[in-house]
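Working through the structure, step by step
So the chains spell out like this:
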Amino acid sequence: MKRIGILTSGGDAPGMNAAIRAVTRTAIAAGMAVFGVRRGYAGLIAGDFIPLGARDVGGIIERGGTFLGSARSPAFMTEEGRRKAMAVVEANGLEALVVIGGNGSQTGAHHLSQMGLPVVGVASTIDNDLAGSEITIGVDTALNIALEAIDRLKTTAASHQRAFLVEVMGRDCGYLALMSGIAGGAEVVAIPEAPCDPETMARELRAAYDRGKSHAIAVVAEGAKHKASEIAAHFREHHERIGFELRVTSLGHVQRGGAPGAFDRLLASRLGAAAGDLLSQGKSGVLVGLIRGEITATPLSEVAGKKKPLDLRLLDLARLLAQ
Ligand code: F6P
């Protein structure tokens, strides 16, 4: 019986549990034995494995985070750490591995694949910056969390005629900020791919008031050139001249927590099942993702170390619709 491992790595994302469940049950149905690796690549190096049966992954589809745990493993980033991981994999008789995670995790998956281990990646990160999938597990839920915050802030902003800045996650990718800006009706969006300096932001927020708006919301990506704290300091320093106050809300890890929504449960179920199917057919060295509505398998070599570009036409749309 083929023995496979599953791990979740990097920042957790809502829907990872649904993906673990789908891989496990698909693999078991295909006659494989499944082992969960705790704490991502750190657990792989340490040989921290647990057998997973169909019942062990019951009651997790609705849970956020990852019940296997996740980690960012500095040891695995070294050649020596990866060799150690391979030795542990061989000693435990694991014949293949499913890696559920984002950019760094899939680069790790590619390394293991090059060292001879059959690996299938499952696209999962709230940042949506991973090549090989138009949308990754966790993005939709994270966006909805950002939207709920923006909607709530709008009501208090309107009551006080105040400007608000909402800082969202995304590392060095502006996807979450741009999409939550469009869907939340923000007046300004600042992302790493298109910097917006504090003075321009002040001008655009002022212009929103001048157009008769009762609120002015700026969504700023955590990776933007001018950080939320810098923008806030600029507004404080030039308060008299700018003429209004700016309140800052940083959503931080709140965006990664909580139950996955329907979209992420479905995406994770489809991608996880596809990963199990591929391994049962003896295929590996690929990342499963979603492109134009279809489940795809992209070689890990085309994914590792690559960043998916952001469609900047959507920034024009955000500006137009904020009028
Ligand atoms: O990659 C997902 C992510 O949530 C990024 O958006 C963020 O920059 C980072 O992880 C935070 O990492 P950590 O949880 O290690 O602080």
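Counting restarts for each chain, with residues numbered from 1 along the sequence as it is written. Only residues with pLDDT of at least 70 get local features here, since the model is predicted, and only at 80 or more are side-chain atom pairs given and counted; chain-wide, interface and lining totals rely on the full set of residues. Heavy atoms from the whole structure form the basis of all side-chain values; hydrogens and water molecules are not counted.

Regarding the environment of Arg-162
This is how it is decided: To qualify as a helix, a DSSP run of H or I must reach at least 4 residues; to qualify as a strand, a run of E must reach at least 2; elements of each kind are numbered from the N terminus. For this analysis, residues touch if any pair of their heavy atoms sits within 4.5 Å.
Looking at where Arg-162 falls in the secondary structure, it is placed in the loop between helix H5 (139-160) and strand S6 (163-168). Residues in contact with Arg-162, not counting those within four places in the same chain, are Ala-157, Tyr-209, His-215, Ala-216, Glu-245 and Arg-247.

Here's the deal with the pairing of strand S2 (residues 33-37)
Filter applied, for reference: When accessible area is computed with a 1.4 Å probe and restricted to protein chains, residues below 20% of their type maximum are described as buried, those above 50% as exposed, and intermediate ones as partly exposed. A crossover counts as right-handed when, viewed with the strands pointing away from the observer, the path leading from the first strand over the helix to the second turns clockwise. The pairing criterion is simple: DSSP has to find at least two bridges between the two strands.
Buried residues dominate S2, accounting for five of its five residues. Taken together, strand S1 (residues 3-8), helix H1 (residues 16-29) and S2 form a β-α-β motif whose crossover is right-handed. Strand direction decides the pairing type here: S2 and strand S3 (residues 49-52), joined by four bridges, are antiparallel. Within S3, the residue paired with Val-34 across the bridge is Leu-52.

Some details on the side chain of Asp-129
Note the threshold: Positive residues here are Lys and Arg, negative ones are Asp and Glu, while His and the chain termini are left out of the count. Salt bridges are defined as contacts in which a side-chain nitrogen from Lys or Arg sits within 4 Å of a carboxyl oxygen from Asp or Glu. Each polar contact in these results corresponds to two N or O atoms within 3.5 Å; when the atoms are within protein, one needs to be able to donate a hydrogen and the other to accept it, and residues that are neighboring in sequence are counted only if both atoms are side-chain atoms.
Relative to the helices and strands, Asp-129 resides in the loop between strand S5 (119-123) and H5. As a buried residue without a salt bridge, Asp-129 has its nearest oppositely charged side chain in Arg-171, at a separation of 5.6 Å. Within the local environment of Asp-129, its side chain forms a polar contact with the side chain of Asn-103, the two groups lying 3.2 Å apart. Residues in contact with Asp-129, not counting those within four places in the same chain, are Asn-103, Asp-172, Cys-173, Lys-306, Lys-307 and Lys-308.

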